[in-house]
Amino acid sequence: GNSVTQMEGPVTLSEEAFLTINCTYTATGYPSLFWYVQYPGEGLQLLLKATKADDKGSNKGFEATYRKETTSFHLEKGSVQVSDSAVYFCALRASNTGKLIFGQGTTLQVKP
Amino acid sequence: DGGITQSPKYLFRKEGQNVTLSCEQNLNHDAMYWYRQDPGQGLRLIYYSQIVNDFQKGDIAEGYSVSREKKESFPLTVTSAQKNPTAFYLCASSTGTDNYGYTFGSGTRLTVV
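Residues numbered from 1 in each chain as written. Chains lettered and ligands numbered in written order. Predicted model: local features only at pLDDT ≥ 70, side-chain atom pairs only at ≥ 80, totals over all residues. Heavy atoms only, no water.

(A) Here's a closer look at unusual backbone geometry. Between A:Gly9 and A:Pro10 the backbone carries a cis peptide bond, its omega angle lying at 0 degrees. Locating A:Pro10 in the fold gives a position in the loop between β1 (3-6) and β2 (11-14). The omega torsion across B:Ser7 and B:Pro8 is -10 degrees, close enough to zero to call that bond cis. Here B:Pro8 shows up in the loop between β1 (4-7) and β2 (10-13). For A:Thr71, which is not glycine, the phi torsion reads 45 degrees and is therefore positive. Looking at the element boundaries, A:Thr71 is found in the loop between β8 (62-65) and β9 (75-77). (Helix = DSSP H or I, 4+ residues; strand = E, 2+ residues; numbered from the N terminus.)

(B) View of the packing of aromatic side chains. Scanning the model with the defined rule gives 14 aromatic pairs over all chains in all. Measuring from ring centre to ring centre gives 6.3 Å for A:Phe34 and A:Tyr36, while their planes differ by 40 degrees; the resulting arrangement is tilted. What makes A:Phe34 buried here is its relative accessible area of 0%. Between the aromatic rings of B:Tyr102 and B:Phe104, the centroid separation amounts to 6.4 Å while the plane-to-plane angle is 40 degrees, which identifies the pairing as tilted. Like B:Tyr102, the residue B:Phe104 is buried in the burial classification. (Phe/Tyr/Trp six-rings, centres within 6.5 Å; stacked < 30°, edge-to-face > 60°. Buried < 20%, exposed > 50% of the residue type's maximum accessible area, 1.4 Å probe, protein only.)

Treat this as a map of the structure, not an account of what it does.
And the structure:
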């Protein structure tokens, strides 16, 4: 079946540190891949997406590359800020069901 | 601006009472979804609807009910049969296209006392 696995959190970093949040997936066919961000008490916002192998999604300094050979979609940012503190969800949308499958979420805490 | 609106943001109910959470979208999306989120947890799918007058159970449908009489609206009723209803509820909508993700509402926090 379709599934998404994220690294467990919380991830605690100092401001300006490099961020990587790992995400791997299992899917039938060729899914689209997404990263969502959730700030405290709010809904999820789409951060970036990639729809085919080797695509790179990017937004607000965050990047993720769709790696079919390793079935991964790791989220990276070169220099995090305190305002990046949030929960990050990796997700796939499978072509056979159309449903969005989420990972468990990774909490990021950035300290000044 | 198009978007998806959930109301109210906070809701308090006594144990044993049914309560209905509102979700409205003006994005002209065909599909709508309800998720439950517990503290420190991921999202669990309650119900979804891919077209008006049709809906399917998700992974944790017991104790919940929905209707989809209009394209724009997908209300969720939390019934007294739901054993642990206190949670954060998120509504989402989407087109039928794989390349697009979901658009989420800002959520309703339900507390049952």
